[in-house]
Amino acid sequence: MLSRRIAATAVSFAAFIGLWWAISALEIVNPVFFPAPPLVFSAALEMLEGGVLFSDLQVSLGRAAVGFVAGVVLGLLTGLLTSRIAFFNLMLNPLLSLCRPIPAIALVPVAIVWFGIGETSKYFVIGYSVFLTVWLNTHHGMSMVAETYVRASRSLGASRSREFVEVIIPAASPYIMAGVRSAAAVAFLCLVAAELTGASGGIGYRLQESRQYIRVDRMFVSLIELGLLGALLDAIFVAIGRRVIHWEQM
Amino acid sequence: MDVATVVDIGRVEVARATVEFKGVQGKTVTALAPTELELTPGSFTALVGPSGCGKSTLLNLIAGFLEPTEGAVRLDGKEITGPVPDVGIVFQQYALFPWFSALGNVEFALKRLSLGKPERQARALAALAEVGLAGRERQYPGQLSGGMKQRVALARIFAAAPKVLLMDEPFGALDAITRASMHRLLLDIWTRHRTTVLFVTHDIDEALLLADRVHVMSRGPGRIVETLDVTDPRPRTVETRSPQVSAARAQILELLLSSDH
Ligand SMILES: Nc1ncnc2c1ncn2[C@@H]1O[C@H](COP(=O)(O)OP(=O)(O)OP(=O)(O)O)[C@@H](O)[C@H]1O
Ligand SMILES: [Mg+2]
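This structure is a prediction, so every number in the text was calculated from the model and none was measured.

Calculation rules
Residues numbered from 1 in each chain as written. Chains lettered and ligands numbered in written order. Predicted model: local features only at pLDDT ≥ 70, side-chain atom pairs only at ≥ 80, totals over all residues. Heavy atoms only, no water. Helix = DSSP H or I, 4+ residues; strand = E, 2+ residues; numbered from the N terminus. Rg over C-alpha atoms; globule rule 2.2 N^0.38 Å. Contact = heavy atoms within 4.5 Å. Lys, Arg positive; Asp, Glu negative; His and termini not counted. Charge placed at Lys NZ, Arg CZ, Asp CG, Glu CD. Expected span 1.5 Å × (residues − 1). Buried < 20%, exposed > 50% of the residue type's maximum accessible area, 1.4 Å probe, protein only. Domains from an automatic or database assignment. Buried area = accessible area lost by both parts, 1.4 Å probe. Salt bridge = Lys/Arg side-chain N within 4 Å of Asp/Glu carboxyl O. Polar contact = N/O pair within 3.5 Å; in protein donor to acceptor, adjacent residues only side chain to side chain. Nonpolar A, V, L, I, M, F, W, Y, C, P; charged D, E, K, R; others polar. Near = heavy atom within 4 Å. Pairing = 2+ DSSP bridges. Axes fitted to C-alpha atoms, helices over the stretch in contact; angles between N-to-C directions.

Novice: Explain the overall build of chain B to me, please; I cannot follow it from the model alone.
Specialist: Per the secondary structure count, chain B includes 7 helices and 10 strands. Taking 261 residues into account, the globule formula puts the C-alpha radius of gyration at 18 Å, and chain B, at 18 Å, falls close to it. On the principal axes, the C-alpha backbone points of chain B span a range of 55 × 50 × 40 Å. The contacts in chain B between residues at least 6 apart in sequence include a share of 69% that link residues at least 24 apart. Chain B carries 29 positive and 29 negative side-chain charges, and their two centres are separated by 6 Å.

Set out below in structure tokens:
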């Protein structure tokens, strides 16, 4: 089963690279604009030897991590408040619902004015989107707890605090975990927007830099780097979810 | 069966209780018309009736999940105003906590008693052994069959030592064989604990196999229209029932058919 999936993935990648190669070999477009796989590969080697491949990775991961953690903590706390206390729900829910359609990239100018071009503006842009994602899922999950669980808990004599810790939180945790997982993806999506606030390193910055030199081969390397990193992080969060929410998959 | 007289806790009185729900467009729906019901300590009462006649409403009322619009519900003379551990309930949809193992679920019911952890675990293990789940304590509800889940639910509820046990179609989702073995198990445990039981079902035979007394409910609005006593000795089977019970079955069926339109 697993080996079949690995084989299928390999075939899919091979087919994709083959197609890419074939199209670029036809030279319908200038190879500068649509470089063949070997060109991209040598650009990757060049970036690896120059050290930017890993320094970009480190810088971007660091930014995503700080924004992610801050957003998750705030999102969880706000979700707890709005789902459990009617007052906070009335005050915050409409406001946050209005914020949700605002894309991270639209905040870039605001972030630059507020926080300058330092790291804070990047954390803000990433943290904002992560926060909204985690808030929504936490709020939803905690409000959706099945009535029977609460009834069972109460008629078994659980105090409100025990009900919260042993019933509400576990019952909501699949939603919360799903929120954290999509927030990790969101943090990555916003990274490139965040690095538009002016940076001297990071994968998003490198994309901008490559654009100035019209180095599409280097852009491809950065894009592939983003894709691989995002997929890896997602796999990690899925694995964590499986362990924490072990009862859901049974 | 006069064991009931030695136990004198677990008396439930439903005194002219009415339950109304706010329906759509502010219209009120009367789910339960003024109802009188008494459950004597240690008795086993069944409640049968067509779907939507208010059986669950009456149960949820006694469980303290609903407030009567009028009238009152009392347990041993004290009014019930909310869920209390003295009134236990077993739901059709199990309501086990899937994030706790079988053991964890039973321990959940014991946590309000300030026992030490070893004592609590020992009691939970004993309760699971009583329902025939020894060796399965560490499994999670998702790993158990429907019958086993309902066994855990029974262990959990009896571990909480309620005075009254309400059961809302607890075996409705089980196959015939599993259901028969659950009947045997329930009567076994009930004989030992002598909890007052109110058992909701829409299966007439199930009601007649288990209960001392059967209340028949009817729709529009929900109310008790007939009460029949079952005096056959236990264990009972469908084949060996007395002519009185056969007559009772025919009468209940007639009532349910005539109220089903
Ligand atoms: N929360 C509610 N709000 C409005 N109406 C309700 C509510 N709960 C129940 N009712 C109505 O009250 C009536 C009785 O419902 P109840 O669930 O007690 O029936 P039941 O006898 O348990 O049915 P079933 O055999 O299908 O479980 C039904 O008409 C139902 O639509
Ligand atoms: Mg019902």
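Novice: How should I be thinking about helix α6 (residues 119-143) of chain A in this particular structure?
Specialist: Given 3.6 residues to a turn, an α-helix orients residues that are three or four positions apart in the same direction. The end-to-end C-alpha distance of α6 of chain A is 35 Å, a good match for the 36 Å that 25 residues give at a rise of 1.5 Å each. For α6 of chain A, the buried fraction is high: 18 of the 25 residues fall into the buried class.

Novice: Looking at this model, I keep getting lost on the domain arrangement of chain B. Mind explaining?
Specialist: As a measure of interface size, the accessible area lost when the parts come together is often cited. Residues and elements named next belong to chain B. Domain boundaries in chain B define domain 1 (3-86 + 162-257) and domain 2 (95-161). A straight line from the C-alpha centre of domain 1 to that of domain 2 covers 25 Å. If you look at the interface, domain 1 gives 17 residues, while domain 2 gives 12 residues. Buried surface at the junction of domain 1 and domain 2, both sides included, amounts to about 1300 Å², of which 71% is carbon and sulfur. Between the two partners, domain 1 and domain 2, sit 1 salt bridge. When the shortest N-O distance is used, the salt bridge between E130 and R192 registers 2.4 Å.

Novice: Mind showing me how you'd approach the interface of chain B and chain A here?
Specialist: Contact residues are listed per partner, giving 26 residues for chain B and 18 residues for chain A. Taking both partners together, chain B and chain A bury about 2000 Å²; carbon and sulfur atoms supply 73% of that area. When the buried surface of chain B facing chain A is broken down by residue, F65, W99 and F108 of chain B rank first, second and third, together holding 34% of it. Summed over the shared surface of chain B and chain A, the number is 1 salt bridge. Residue E166 of chain A is joined to K111 of chain B by a salt bridge in which the shortest nitrogen-to-oxygen separation is 3.2 Å. Joining chain B to chain A, the criterion identifies 3 residue pairs in polar contact (both at pLDDT 80 or more). Only β6 (87-90), α2 (102-110) and α4 (146-159) of chain B provide two or more residues apiece to the side of chain B that touches chain A. Residue composition of the side of chain B that touches chain A, grouped by class: 19 nonpolar, 4 polar and 3 charged.

Novice: Explain the domain arrangement of chain A to me, please; I cannot follow it from the model alone.
Specialist: Residues and elements named next belong to chain A. Partitioning chain A into domains gives domain 1 (1-32) and domain 2 (35-244). At the interface, 6 residues of domain 1 touch 8 residues of domain 2. Both sides of the domain 1 and domain 2 interface together cover about 610 Å² of buried area, and 75% of this is carbon and sulfur. When the buried surface of domain 1 facing domain 2 is broken down by residue, W20, W21 and V32 rank first, second and third, together holding 72% of it. Along the contact surface separating domain 1 from domain 2 lie 0 salt bridges. Applying the counting criterion to the domain 1 and domain 2 interface returns 1 residue pair in polar contact (both at pLDDT 80 or more). Considered class by class, the residues forming the side of domain 1 that touches domain 2 number 5 nonpolar, 1 polar and no charged.

Novice: Quick question: what am I supposed to make of helix α10 (residues 216-244) of chain A here?
Specialist: All names here are of chain A. A rise of 1.5 Å per residue sets the reference length of α10, with its 29 residues, at 42 Å; its end C-alpha atoms lie 42 Å apart and thus fit the reference within 8%. Taken together, the buried positions of α10 are occupied by V216, D217, R218, M219, V221, S222, E225, L226, L229, F237 and G241. Looking at the buried positions of α10, the neighbouring elements they touch are α2 (37-49), α3 (52-84), α8 (160-194) and α9 (203-212).

Novice: Just checking my understanding: could you explain the site of ligand 1 for this structure?
Specialist: Residues and elements named next belong to chain B. As a matter of local geometry, ligand 1 sits amid F21, A31, P50, S51, G52, C53, G54, K55, S56, T57 and E169. Residue T57 places a side-chain N or O atom 2.5 Å away from an oxygen atom belonging to ligand 1. With 3 residues, helix α1 (residues 55-62) is the largest single contributor of residues to the shell around ligand 1. Its residues assigned to classes, the shell around ligand 1 comprises 4 nonpolar, 5 polar and 2 charged.

Novice: What exactly am I supposed to notice about the sheet that holds strand β8 (residues 196-201) of chain B here?
Specialist: Two orientations exist for strands paired in a sheet by backbone hydrogen bonds: parallel and antiparallel. Residue and element names in this part refer to chain B. With mixed pairing, the 6 strands of this open sheet are ordered in space as β6-β7-β8-β3-β9-β10. With partners counted over all chains shown, the strands left at the sheet margins are β6 and β10 (223-229), one partner each. Strand-to-strand twist of the sheet, defined as the mean angle between neighbouring strand axes without regard to direction, takes the value 20°. Across 6 bridges, the pairing between strand β9 (residues 213-218) and β10 is antiparallel. Bridge pairing in β10 places V214 opposite L228. Sitting on the sheet, helix α7 (residues 243-258) touches β3 (44-48), β9 and β10, and the angle it makes with β10 is about 170°.

Novice: Looking at this structure, I do not really get unusual backbone geometry. What am I missing?
Specialist: Residues and elements named next belong to chain B. Across the junction of R234 and P235, the peptide omega takes the value -5°, indicating a cis bond. For P235, the position within the fold is in the loop between β10 and α7. With a phi angle near 40°, R16 is a residue other than glycine that sits in the positive phi range. The topology assignment puts R16 in strand β1 (residues 12-22).

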